[in-house]
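Residues per chain, in single letters:
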Amino acid sequence: MNKVKQQVHYRCYDTMEGGIRGQNVTVAILDTGMSAHPDLKGRILAFYDCVNRRQGMYDDSGHGTHVGGILAGDGRLSKGEYGGMAPKAELVIVKVLDSKGEGSVEQILEGIQWIQDNHRCYNIRVVNVSVGAREGLDEKKEKDLIEAVEILWDLGITVVVSAGNQGPKTGSIAVPGNSRKVITVGALDEPGMKNPCSGVGPTERCIVKPELVAPGYHVASCNSRYFKTKIPYVRKSGTSMATPVVSGAAALFLSKYPEAQNVDVKLRFRKACECAEEEEDKGWGCLRLDLLLK
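Along each chain, residues carry numbers from 1 onward, in the same order as the chain's sequence is written. In keeping with the model being predicted, local features are shown solely for residues with a pLDDT of at least 70 and side-chain atom pairs are shown and tallied solely at 80 or more, while totals for entire chains, interfaces and linings include all residues. Calculated side-chain values reflect all of the structure's heavy atoms, with hydrogen atoms and water omitted.

Caption draft 1: Examining the environment of Arg 270 more closely. Runs of H or I in DSSP of at least four residues are treated as helices and runs of E of at least two as strands, each being numbered from the N terminus. Note on placement: Arg 270 falls in helix 7 (residues 262-271). Between the C-alpha atom of Arg 270 and that of Trp 284, which follows or precedes it by 14 residues, the distance is 6.0 Å.

Caption draft 2: Structural context of the layout of surface pockets. The calculated volume of the largest pocket comes to roughly 650 Å³. Just so you know the grouping, Ala, Val, Leu, Ile, Met, Phe, Trp, Tyr, Cys and Pro go in nonpolar, Asp, Glu, Lys and Arg go in charged, and all remaining residues, Gly too, go in polar. Grouping the amino acids of the lining of the largest pocket by side-chain chemistry returns 8 nonpolar, 7 polar and 10 charged. Residue lining of the second largest pocket: 27 residues in total, with Gly 101, Val 131, Gly 132, Ala 133 and Arg 134 positioned closest to the centre. Only helix 3 (105-122) and helix 6 (239-256) provide two or more residues apiece to the lining of the second largest pocket. Ranked by residue count, the leading element in the lining of the second largest pocket is helix 6, at 3 residues. Partitioned by chemical class, the residues of the lining of the second largest pocket number 9 nonpolar, 14 polar and 4 charged. We place a 1 Å grid over just the protein atoms. Points where a 1.4 Å probe fits but has no way out form a cavity, open points with protein on both sides within 12 Å along at least 5 of 7 lines form a pocket, and any residue with an atom within 4 Å of a point lines it. Grid points are joined across faces, edges and corners, and a volume is the space filled by probe spheres set on the points.

Caption draft 3: How the structure looks around the environment of Asp 290. As for its placement among the helices and strands, Asp 290 is situated in helix 8 (residues 289-292). Taking the C-alpha atoms as reference points, Asp 290 and Gly 238, separated by 52 residues in sequence, lie 24 Å from one another. A distance of 2.6 Å separates a polar atom in the side chain of Asp 290 from a polar atom in the side chain of Arg 288. Pairs of N or O atoms within 3.5 Å make up the polar contacts considered here, provided that, within protein, one atom can donate a hydrogen while the other can accept it, and that residues adjacent in sequence are counted only when both atoms are side-chain atoms.

Caption draft 4: Region of the structure containing the pairing of strand 4 (residues 124-129). The classification of residues rests on relative accessible area computed with a 1.4 Å probe and restricted to protein chains. Under 20% of the type maximum is buried, over 50% is exposed, and intermediate values are partly exposed. Along strand 4, 6 of the 6 residues are buried, which leaves the element largely enclosed by surrounding structure. Each pair of strands is called paired provided DSSP finds at least two bridges between the two strands. In this sheet, strand 4 lies alongside strand 1 (residues 26-31) in parallel orientation, the contact comprising 5 bridges. Considered in strand 4, the bridge of Ile 29 is made with Asn 128. Summarising the sheet, strand 4 and strand 5 (residues 158-162) pair through 4 bridges and their orientation is parallel. Following the sheet pairing, Val 126 is matched in strand 5 by Thr 158.

Laid out in structure tokens, this is it:
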């Protein structure tokens, strides 16, 4: 995470007036669940399981815990080295994917509906969706997914969605990242990369996507199997890892500017990106946190 923070120009915002670390902001994560990792201790407000209907919090894949660590881990097991973007943000966890990282559209829609029904109770300001449907999705199901995330957006929630890993061919944005309203995130290409996979636009409706990119390859974050292996962090790659970098940045922005709306967040992201090359597949460019929070 230190490398990620360097790439997005993350400064020590906890030394600013009052400290900006995501406090007073709740982020919902739609994913494979969450383990009780020490770096997230005391900040998980609720857990809802759309897959196995279990009550206790768990993550039988590891994907969701890794995402959560990038977004909001405090790095206590690494003395801060692997701390996440918004280490004081609170989390609501909705499990919509199984142990293989797979899930039905119906489960994802149920999870989105649960957030819709409970967002006021937990004051959910941001939703992280590191989930994307594969190519060939039924047209009605695609429409239902897009409509569902756009309902959350219309409620004033900042919805951040991964571009998917079906790129880099043209028109490879995963559903629901092809929604015109939500903020879609791709993974920043690394120097010398042989097989970049980040989805790119345009969409079928000629919408340029993703909006922006963030570091997403070889990111070290929380290991869901820590208590069994005693290995606190593992590395994963993909747009799923880039998405919580942006969701965490949104939490920081809303922590500093609590009256801001999701449209304000999106507009500010547009001004807070750096594009080294004029390429549509990078949208506005790579996130710069120093510009976002200036």
